[in-house]
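An overview of the molecular structure
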Amino acid sequence: MTATIALVDDDRNILTSVSIALQAEGFLTRVYSDGETALKALVDNPPDLAIFDVKMPRMDGLELLRRLRERVMTPVIFLTSKDDELDEALGLAMGADDYIAKPFSQRLLIARIRAILRRAEVVQTSTDKDQATSSEALVRGRLAMDPARHRVTWGGADVTLTVTEFLILETLAQRPGIVKTRNQLMDAAYQDDIYVDDRTIDSHIKRIRRKFRQTDPEFDAIETLYGAGYRFSEE
């Protein structure tokens, strides 16, 4: 099935050039020049992936992401100003799956899009396949993960994770007590030699912890081993 990509940017030149490049790669595109217009369309008819500029009038990309995440879990890539670390950190903390600094290579953007779409397929429920059995679920103490349904619970309460967050947590939970380096977590969540720095993984971990603590303020199952990485604690 052909993937649909939504582009939201107030720069018409970027909308046109990126849309043409994506269509040349076989994607369907929908373009919006402001966040307010985009929000209703993305909620009513979610695309397979969305690309948001951060700085836009009327509703910026951060607010658009926040409000979108209240309704749907469409993967999102942020376009940020060059070297604007605040934008990147806020975007990741709010649930963006990736970010690219302007000016950017269209080839890099397309590679990131394909990688995220492939990760989404890993955890997407397919009605054409057999339903998941209990043996496919991952249970670690109060944590239960069902990859086929992209469902996570803690003590029976649902926790909503993005595709990237799910893959990072799954990698940690598969081997409790074993330290996973940032590079290992990057390899699990970002394929095809796509570069992300240490801060990206740290931001994802912080966001995962925050989501679990909304359900359980005492959540401490993800441990930081300074200078080494992270591990899921054995219970």
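About the cut-offs
- Residues numbered from 1 in each chain as written.
- Predicted model: local features only at pLDDT ≥ 70, side-chain atom pairs only at ≥ 80, totals over all residues.
- Heavy atoms only, no water.
- UniProt positions renumbered as here; feature names shortened; annotations may be inferred.
- Helix = DSSP H or I, 4+ residues; strand = E, 2+ residues; numbered from the N terminus.
- Buried < 20%, exposed > 50% of the residue type's maximum accessible area, 1.4 Å probe, protein only.
- Contact = heavy atoms within 4.5 Å.
- Areas by Shrake-Rupley, 256 points an atom, 1.4 Å probe, with all protein chains shown as cover.
- Axes fitted to C-alpha atoms, helices over the stretch in contact; angles between N-to-C directions.
- Parallel < 35°, antiparallel > 145°, perpendicular 65-115°, else oblique.
- Left-handed = near helix turned anticlockwise from the far one by under 90°.
- Pairing = 2+ DSSP bridges.

As recorded in an unreviewed UniProt entry, the protein goes by the name DNA-binding response regulator, listed as coming from Sphingomonas aracearum. According to the UniProt record, the Subcellular location (unreviewed entry) comment for the protein reads "Cytoplasm".

1. Some details on the overall build of the protein
Assigned secondary structure in the protein consists of 8 helices and 11 strands. Evaluated residue by residue, the protein yields a buried proportion of 50% over its 235 residues. Residue pairs at least 24 apart in sequence account for 60% of intrachain contacts in the protein once pairs closer than 6 positions are excluded. Total accessible area on the protein is roughly 11,900 Å²; 47% of this is exposed by carbon and sulfur atoms.

2. Some details on the packing of helix α6 (residues 163-174) against helix α7 (residues 182-189)
Contact geometry of α6 with α7 gives a least axis separation of 9 Å together with a crossing angle of 130°. In terms of orientation, α6 and α7 fall into the oblique class. Considering the relative orientation of α6 and α7, their crossing is right-handed. Note on element contacts: α7 touches α6 through L185, A188 and A189, opposite T164, L167, I168, T171 and L172.

3. What to know about the sheet that holds strand β4 (residues 76-80)
Read from one edge to the other, the open sheet built from 5 strands follows the order β2-β1-β3-β4-β5, with strand pairing classed as parallel. Across the chains shown, the open sheet's two edge strands, defined by having one partner strand only, are β2 (28-32) and β5 (98-101). Averaged over all neighbouring strand pairs, the angle between strand axes comes to 20°, with direction disregarded. Note that strand β1 (residues 4-8) and β2 share 5 bridges and pair parallel. Bridge assignment links A6 to a residue of β2, and that residue is R30. Along the sheet face, helix α3 (residues 61-69) touches β1, β3 (49-53) and β4 and points at about 170° away from the line of β4.

4. Quick word on the sheet that holds strand β8 (residues 151-154)
Strand order in this open sheet of 4 strands is β6-β7-β8-β9, and the pairing throughout is antiparallel. The outermost strands of the open sheet, each flanked by one partner alone, are β6 (138-140) and β9 (157-158). Of the pairings in the sheet, the one linking β6 to strand β7 (residues 143-146) comprises 3 bridges and is antiparallel in character. From the neighbouring strand, V139 faces β7, where its bridge partner is A144. In the packing of α6 onto the sheet, contacts are made with β6, β7 and β8, and the angle to β7 comes to roughly 120°.

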